[in-house]
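Below are the chains, spelled out letter by letter.
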Amino acid sequence: MPKTGKNDHARKNELPSTLQRSDQKAQDTFAKTYDSAMDSYDGDESRAARTAFASLKHSYEKVGDHWEPKEESGPSDDRAAEGLSSDKPTAGGVDANASKEHLYRRARELDIKGRSTMTKDELVHALQKANDAATRKARES
């Protein structure tokens, strides 16, 4: 099923819940990339979804239960930078390539305890956990 409607915008009910709570541009980025990838990859939904999320993560980062624009576009983690053949783990939408200061600000927004003593890698991991928890909570509502 196409993710983009006749008005050239995302069909909100066709999107993952985290995108339904995100701005229109994030929704459209995901939907248009997904639809294009479905054509390119002969209807392979899994590959189209991975491609759409990769495209989204280039400009957006996951913050809690939704996606927000990144300060600078680019790969969000080592896996994104290396591509599909990478064996490195994904940061799950956290912009792991952002500065430690940026990650600290995001951790403060999400009220992550102990953030002031965390390393950059620990902040990334804590943000992933907080994002996952916020998404679970939002889906239960």
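See above for the structure.
Predicted model, so just to flag it, every value in this text is computed and none were measured.

Q: Is there a simple way to think about empty space enclosed by the protein in this case?
A: Sizing a probe to match a water molecule and rolling it over the atoms shows the empty space that remains. A full pass over the atoms with the stated rule returns one cavity of 30 Å³ or more. Its volume calculated, the largest cavity comes out at about 30 Å³. Taken together, E61, K62, V63, V94, R106, L110, L127 and N131 make up the full set of residues lining the largest cavity. Among the elements of the structure, β1 (60–63) and α6 (120–140) are those that each provide at least two residues to the lining of the largest cavity. No other element matches the three residues that β1 contributes to the lining of the largest cavity. Taken together, the residues of the lining of the largest cavity break down into four nonpolar, one polar and three charged.

Q: Would you explain the environment of H66 in this entry?
A: Relative to the assigned elements, H66 resides in strand β2 (residues 66–69). A sequence separation of 49 residues divides H66 from S17, and the C-alpha atoms of the two residues are 8.2 Å apart. Residues contacting H66, with those up to four places away along its chain left out, are T18, R21, S22 and E61. Within polar-contact distance, the side chain of H66 engages the side chain of D65 at 3.1 Å. In this structure the side chain of H66 is engaged in a polar contact, spanning 2.7 Å, whose partner is the side chain of E68.

Q: Any chance you could explain the layout of surface pockets here in plain terms?
A: The computed volume of the largest pocket comes to approximately 570 Å³. Taken together, 22 residues form the lining of the largest pocket, with R50, F53, A54, K57 and R79 sitting closest to its centre. At seven residues, the largest contribution of residues to the lining of the largest pocket is made by helix α3 (residues 45–59). Each residue belonging to the lining of the largest pocket can be placed in one class, and the counts come to eight nonpolar, seven polar and seven charged. Put simply, the second largest pocket is a space of about 230 Å³. Around the second largest pocket, the lining is made up of 13 residues, and of these D77, A91, A96, D121 and V124 lie nearest the centre.

The rules we used
- Residues numbered from 1 in each chain as written.
- Predicted model: local features only at pLDDT ≥ 70, side-chain atom pairs only at ≥ 80, totals over all residues.
- Heavy atoms only, no water.
- 1 Å grid on protein atoms, 1.4 Å probe; cavity = no way out; pocket = protein on both sides within 12 Å on 5 of 7 lines; lining within 4 Å.
- Points joined across faces, edges and corners; volume = space filled by probe spheres on them.
- Helix = DSSP H or I, 4+ residues; strand = E, 2+ residues; numbered from the N terminus.
- Nonpolar A, V, L, I, M, F, W, Y, C, P; charged D, E, K, R; others polar.
- Contact = heavy atoms within 4.5 Å.
- Polar contact = N/O pair within 3.5 Å; in protein donor to acceptor, adjacent residues only side chain to side chain.

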